Amino acid sequence: MPKWIDLNQVDEDALLLKRNSVSKRLNVGAASAADAFEDDFLDAMEPAKKSMTIFFLIDVSGSMKGTKIGSLNGTMEELLPSLIGVGEASTDVKVAVMKFSTNVEWVTPEPVRIEEYQYWNRLEAEGLTFMGDAFLELSRKLSRSSFLNSPSISFAPVIFLLSDGSPNDDWKKGLDTLKENKWFQHGLKIALGIGSKVNMDVLRAFTGNEELAVQAKTADQLRELIKLLAVTSSQIGSRSLALVEEGGLAPAEEVVAMAKQKVLAEEIRSGTRDILGEAVDLDAVNYDEGW
């Protein structure tokens, strides 16, 4: 069993993280040589830099038209500078942006270093919500032969889904395929539901943790929650976690993924309480105020 260092005592950027005090790199025990290349998030050769990619999957279907897409565009413009420096000094944080409606399209043809991606191409909304297609496309890109081909050590990605409605296609089939992807399995998944008509059950299925699927009721909450979720998950995802197995060994990637998810859930729980209030009677809320 791992020795769980008391992360509440860690004083670094207000996060419950710190560098591994015994300088043991987190590693992946590959089951076979054939699987090692794709499964090994931390390559054997020690390069100068680490990398972590945050994926934004953004619903741009017709129901987002108007103030919702306008608020999202404005918030993303404000967010990009906030993501500079979220990782350790030795970590390159990259961004990959997908928009999906009736069609799925990458706004970024490949992941881009956040320092080089400070201009937001404003999105427009139209069409249906083919979320299953978006999941399938994401699964294709979560690979060493595609978007995650960095020669550096790679942290598992952060994957941020934003949607205001219900899928119009077979989203379960797409999600089942995505769940077989090891990068998705070990990544941090978060989701933001926008407005009153979003299907939160779908977003919870995506994250696998109901605390990491959050709902914005107003334009102001949308702005604050996007910043909270994106910055916090990027900080946690792009840092080494202070966990050591018995005997000083580094833990398996499954343990690291679970520990980071736990830390993220705690941070999000605290942050959303400040934004949404201590307790919210969802049936009594006047949704979509200010949209």
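Everything below is about the structure shown above.
Just so it is clear, the model here is predicted, and its values are computed rather than measured.

Enquirer: Can you walk me through helix H7 (residues 219-237) in this structure?
Expert: Within an α-helix, residues lying three or four positions from one another point in the same direction, as the helix has 3.6 residues per turn. Over its 19 residues, H7 runs 27 Å from end to end, which matches the ideal 27 Å to within 8%, given 1.5 Å per residue. With 15 of 19 residues buried, H7 lies mostly within the body of the structure.

Enquirer: Looking at this structure, I do not really get the pairing of strand S8 (residues 188-194). What am I missing?
Expert: Strand residues, when the strand is regular, have side chains that alternate between the two faces of the sheet. The buried count for S8 comes to 7 of 7 residues, which makes it a mostly enclosed element. Of the two faces of S8, the one carrying Leu188, Ile190, Leu192 and Ile194 and the one carrying Lys189, Ala191 and Gly193 are both buried. Bridge count between S8 and strand S9 (residues 213-216): 4 bridges; the pairing is parallel. Bridge pairing in S9 links Gly193 to Gln215. In terms of handedness, the path from S8 via helix H6 (residues 200-207) over to S9 forms a crossover that is right-handed.

Enquirer: Help me out: how do you make sense of the packing of aromatic side chains in this one?
Expert: Each aromatic ring pair is summarised here by two numbers: the centre-to-centre distance and the angle between the ring planes. Within the structure shown, the criterion is met by 6 aromatic pairs. Seen in terms of ring centroids, Phe55 and Trp106 are 6.2 Å apart; in terms of plane orientation they differ by 70°. Their pairing is edge-to-face. Placement of Phe55 in strand S2 (residues 50-59) and of Trp106 in strand S4 (residues 104-106) is noted, with a sequence separation of 51 residues between them. For the pair Phe55 and Trp106, a shared accessibility class is recorded, and that class is buried. With 5.7 Å between their ring centres and 45° between their planes, Phe56 and Phe160 make a pair best called tilted. One end of the pair, Phe56, is in strand S2; the other, Phe160, is in strand S7 (residues 158-163), and 104 residues separate them in sequence. Judged on exposure class, the residue Phe56 and its partner Phe160 are both buried. Positioned over the ring face of Phe184 is Lys189, at 4.8 Å from the centre of the ring.

Enquirer: Can you help me understand the pattern of salt bridges in this one?
Expert: A side chain of one charge can pair with a side chain of the opposite charge when the charged atoms of the two come close. Under the counting rule described, the total for this entry stands at 12 salt bridges. The shortest N-O distance in the salt bridge between Arg122 and Glu77 comes to 3.0 Å. Taken together, the residues span a long stretch of sequence, with Arg122 in the loop between strand S5 (112-113) and helix H3 (131-141) and Glu77 in helix H2 (residues 67-82) at a distance of 45 residues. On the basis of relative accessibility, which here comes to 48%, the residue Arg122 falls in the partly exposed class. Assessed through its relative accessible area of 36%, Glu77 is described here as partly exposed. Between Glu105 and Lys99 there is a salt bridge, with its nearest N and O atoms 3.8 Å apart. Accessibility expressed as a relative area gives 43% for Glu105, which makes it partly exposed. For Lys99, a relative accessible area of 24% corresponds to the partly exposed category.

Calculation notes
Residues numbered from 1 in each chain as written. Predicted model: local features only at pLDDT ≥ 70, side-chain atom pairs only at ≥ 80, totals over all residues. Heavy atoms only, no water. Helix = DSSP H or I, 4+ residues; strand = E, 2+ residues; numbered from the N terminus. Expected span 1.5 Å × (residues − 1). Buried < 20%, exposed > 50% of the residue type's maximum accessible area, 1.4 Å probe, protein only. Pairing = 2+ DSSP bridges. Right-handed = clockwise from strand over helix to strand, strands pointing away. Phe/Tyr/Trp six-rings, centres within 6.5 Å; stacked < 30°, edge-to-face > 60°. Lys NZ or Arg CZ within 6 Å of the ring centre and 35° of its normal. Salt bridge = Lys/Arg side-chain N within 4 Å of Asp/Glu carboxyl O.

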